[in-house]
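Structural overview for review
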Amino acid sequence: MYREGPVRFQIGYPYKRPWRFFYHTSQTQSTLHSQFFPYLGFPQRNIINALAIDCMIKNLSPMSSLKEDQQRSLVFDASVLQHQGNIPQQFIWPDHEKPNTQTSKELEVPLIDLGGFLSGHSCSTRKASYLVGEACQKHGFFLVVNHGVDENLISDAHQYMDLFFELPLSEKQRAQRKAGESCGYASSFTGRFSSKLPWKETLSFQYSADENSSDIVKDYFKDKMGEEFIRLGKVYQDYCNAMNRLSLGIMELLGMSLGVSRAHFKEFFQENNSIMRLNYYPPCQKPDLTLGTGPHCDPTSLTILHQDNVGGLEVFVDNEWRSIAPNSQAFVVNIGDTFMALSNGRYKSCLHRAVVNSKTPRKSLAFFLCPKKDKVVSPPEKLVDQKNPRIYPDFTWSTFLEFTQKHYRADMNTLKAFSNWVQQESSRT
């Protein structure tokens, strides 16, 4: 059992949020829109081509793949902005993407009990596998309970999130996310984009299941934030280890539901290079004008999310936005683009977003399961036949990740745009 409770930092926690500020700096930012790529279809590729693409993307010509624009970069200060009646234009979304003025209907997602599966009961395992498969064919979202993750560990992970985001801005910026990287502290996406900015702060860090990287999370907090953050690093190291175990179990159920071997996807992700993200959505006095996270499909393989009790997650199903209500006993699980490619399109990576409110901060813990970076993403032969030809090219996760961080803003067409680019580059070789 996870027994250690949260402790105060020696640096004098709790902090009171300082009166921070909004300032401008000149910065060049490149973005690539989904309209850049016409859809051309895709012929099957082999492993050599997939690895070759990994080199090609690093030499991607800015003239051929990017639209460069000069922008005024903003520093998002939640403690100031959450009280302002007028929000900066950069955070106002287009009318067709703004949140609903009325409360969204709740999405009915299966609540899957993993207790029997984790105990080795074959009947319960078959039932869980069936429910997982059914959900993944519809929209890719489901809830899991009796998941084996210690509730005290989950509680500590949420409390330490408060501890980090209550730090002065200058302290958080010690872990500042650098341009083109997927990890670090980010105050909105002010360093990457100049419009449709999300109303949130995040802290992202890498996790590795490699036995030689057993302290990767603890070391990250120590190196970036200092010795006084070792305890915080330990909590998130333990949390990531728990998410790793849970995600590999879910991969067994996914393998069974797709009719391949139960061990196939578990073995594929055994040595994963995953991402953990802490999300903090401050209140906004104009919640009908902005979004906490814009509409997108996760480019990763599997997302395991734990929400607080505030709510704000919405999924686009049957041409309307539907909410997934918080459940402290459950994790929200959804399929990402990389697993959609692994399933040859049989399972769905669904469009989703996060909305904000005017009164209460919202927090969530998101673990993104990703393959080892040099692993070639290719569906099992059993999922490819004349009725189900290959849809997506072979690729490595490192290539896809770099594409999303440096060349493309994740949306509903990320995998499609990436696949078209891979095809175009492969045709030139």
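Everything here concerns the structure above.
First, a word on what this report is: a plain description of the structure on this page. Sequence positions are assigned chain by chain, starting from 1 and proceeding in written order. Reporting in this predicted model follows two pLDDT cut-offs: at least 70 for local features of residues, and 80 or more for side-chain atom pairs to be given and counted; totals over whole chains, interfaces and linings ignore these cut-offs and use all residues. Hydrogens and waters are ignored; side-chain quantities use all the structure's heavy atoms.

1. Some points on the side chain of T396
Within the secondary structure, T396 sits in strand β17 (residues 395-396). Here a polar contact is recorded for every N or O atom pair within 3.5 Å, except that within protein the pair must consist of a potential hydrogen donor and a potential acceptor, and residues adjacent in sequence are included only if both atoms are side-chain atoms. Polar side-chain contacts of T396 include one of 3.3 Å to the side chain of S398. Within the structure, the side chain of T396 is placed 2.7 Å from the side chain of T399, a separation counted as a polar contact. Counting from the N terminus, the helices are DSSP H or I runs at least four residues long and the strands are E runs at least two residues long.

2. A look at the packing of helix α12 (residues 397-407) against helix α13 (residues 414-427)
To obtain each axis, a line is fitted to C-alpha atoms, and for helices this fit is confined to the stretch in contact; angles are then taken between N-to-C directions over 0 to 180 degrees. It is at 11 Å that the axes of α12 and α13 come closest, and there the two elements cross at 110°. With respect to α13, the axis of α12 lies roughly perpendicular. Note on packing geometry: the crossing formed by α12 with α13 is right-handed. In contact with T399, F400, F403 and T404 of α12, α13 contributes T414, L415, A417, F418 and W421. What sets the label is the angle itself: under 35 degrees gives roughly parallel, over 145 gives roughly antiparallel, 65 to 115 gives roughly perpendicular, and the rest give oblique. Whether a crossing is left-handed or right-handed is set by the direction in which the near helix is turned from the far one by less than a right angle, anticlockwise for left-handed and clockwise for right-handed. Working rule for contacts: check all heavy atoms of both residues, and any pair within 4.5 Å makes them a contact.

3. Brief notes about the packing of helix α5 (residues 122-138) against helix α9 (residues 230-257)
Relative to each other, α5 and α9 sit at 75°, their axes nearing to 8 Å. The pairing of α5 with α9 is recorded here as roughly perpendicular in orientation. Residues T125, A128, S129, V132, G133 and C136 of α5 form the contact with α9, whose own contacting residues are L253, L254, M256 and S257. Note on residue classes: Ala, Val, Leu, Ile, Met, Phe, Trp, Tyr, Cys and Pro are nonpolar, Asp, Glu, Lys and Arg are charged, and everything else, Gly too, is polar. Residues belonging to the contact of α5 with α9 are distributed by class as follows: six nonpolar, four polar and no charged.

4. Focus on the side chain of D337
As for its position among the elements, D337 is in helix α11 (residues 337-342). With near-sequence residues (within four places) excluded, D337 lies in contact with C297, D298, P299, T300, S349, F400, T414 and L415.

5. Comments concerning the sheet that holds strand β11 (residues 313-317)
With respect to topology, five strands assemble into an open sheet ordered β3-β12-β11-β14-β9, the strand pairing being mixed. The strands lining the two open edges of the sheet, one partner per strand, are β3 (105-106) and β9 (293-296). Strand pairing is defined by DSSP finding a minimum of two bridges between the two strands. Judged from the three bridges that link them, β11 and strand β14 (residues 352-354) form a sheet pairing that is antiparallel. Across the sheet, V315 pairs through a bridge with H352, a residue of β14.

6. Details of the sheet that holds strand β10 (residues 302-307)
Each strand in a sheet pairs with another by means of backbone hydrogen bonds, the pair being arranged parallel or else antiparallel. A sheet is described by the order of its strands in space; here eight strands give the open sequence β4-β5-β13-β10-β15-β8-β7-β6, paired in mixed fashion. Unpaired on one side and paired on the other, β4 (111-113) and β6 (184-187) mark the two borders of the sheet. Adjacent strand axes in the sheet meet at a mean angle of 25°, parallel and antiparallel pairs treated alike. Sheet topology places strand β7 (residues 201-208) next to strand β8 (residues 273-281); eight bridges connect them, and they run antiparallel. Within the sheet, the bridge partner assigned to Q206 lies in β8 and is I275.

7. Focus: the nonpolar core
Formed by 96 residues in total, the largest nonpolar core has its most connected members in L203, F205, F221, Y236, L254 and F339. In this structure F221 touches L203, F205, G226, F229, L232, G233 and Y236, once residues within four positions along its chain are discounted. Definition of nonpolar core: a set of buried residues of the types Ala, Val, Leu, Ile, Met, Phe, Trp, Tyr and Cys, connected through side-chain atoms within 4.5 Å. Working definition: with a 1.4 Å probe on protein chains only, accessible area under 20% of the residue-type maximum means buried, over 50% means exposed, and in between means partly exposed.

8. Considerations on the pattern of salt bridges
Each reported salt bridge corresponds to a side-chain nitrogen of Lys or Arg within 4 Å of a carboxyl oxygen of Asp or Glu. Per the stated rule, a full pass over the model turns up 16 salt bridges. Across the pair E252 and K266 runs a salt bridge, and its minimum N-O distance is 3.4 Å. Taken together, the positions of E252 in helix α9 and K266 in helix α10 (residues 264-268) put the pair 14 residues apart, joining distant regions of the chain. In this structure, K372 engages E271 in a salt bridge whose closest nitrogen and oxygen atoms are separated by 3.3 Å. Taken together, the residues K372 in the loop between β15 (362-369) and β16 (376-377) and E271 in the loop between α10 and β8 connect sequence positions 101 residues apart. Within the structure, one salt-bridge network assembled from shared partners comprises E252, R262 and K266.

9. Notes on the packing of aromatic side chains
Here a pair means two rings of Phe, Tyr or Trp (six-membered ring of Trp) with centres within 6.5 Å. Their orientation is stacked below 30 degrees between planes, edge-to-face above 60, and tilted elsewhere. Overall, the coordinates contain 22 aromatic pairs when judged by the stated rule. Here the aromatic rings of Y220 and F221 are separated by 5.6 Å at their centres, their planes lie at 90°, and the arrangement is edge-to-face. Plain terms: the ring middles of F221 and Y236 are 5.9 Å apart, the flat faces sit at 20° to each other, and that makes the pair stacked. Note that F221 is positioned in helix α8 (residues 216-225) and Y236 in helix α9, a separation of 15 residues in sequence. By relative accessible area, which is 0% here, Y236 ends up buried.

10. Observations concerning unusual backbone geometry
Located in the positive-phi region is K196, a residue other than glycine, with phi close to 50°. Structurally, K196 is set in the loop between β6 and β7. With relative accessibility at 27%, the residue K196 sits in the partly exposed group. Phi at N319 is positive, roughly 65°, even though this residue is not glycine. Among the structural elements, N319 can be located in the loop between β11 and β12 (320-323). The class of N319 is exposed, set by a relative accessible area of 71%.

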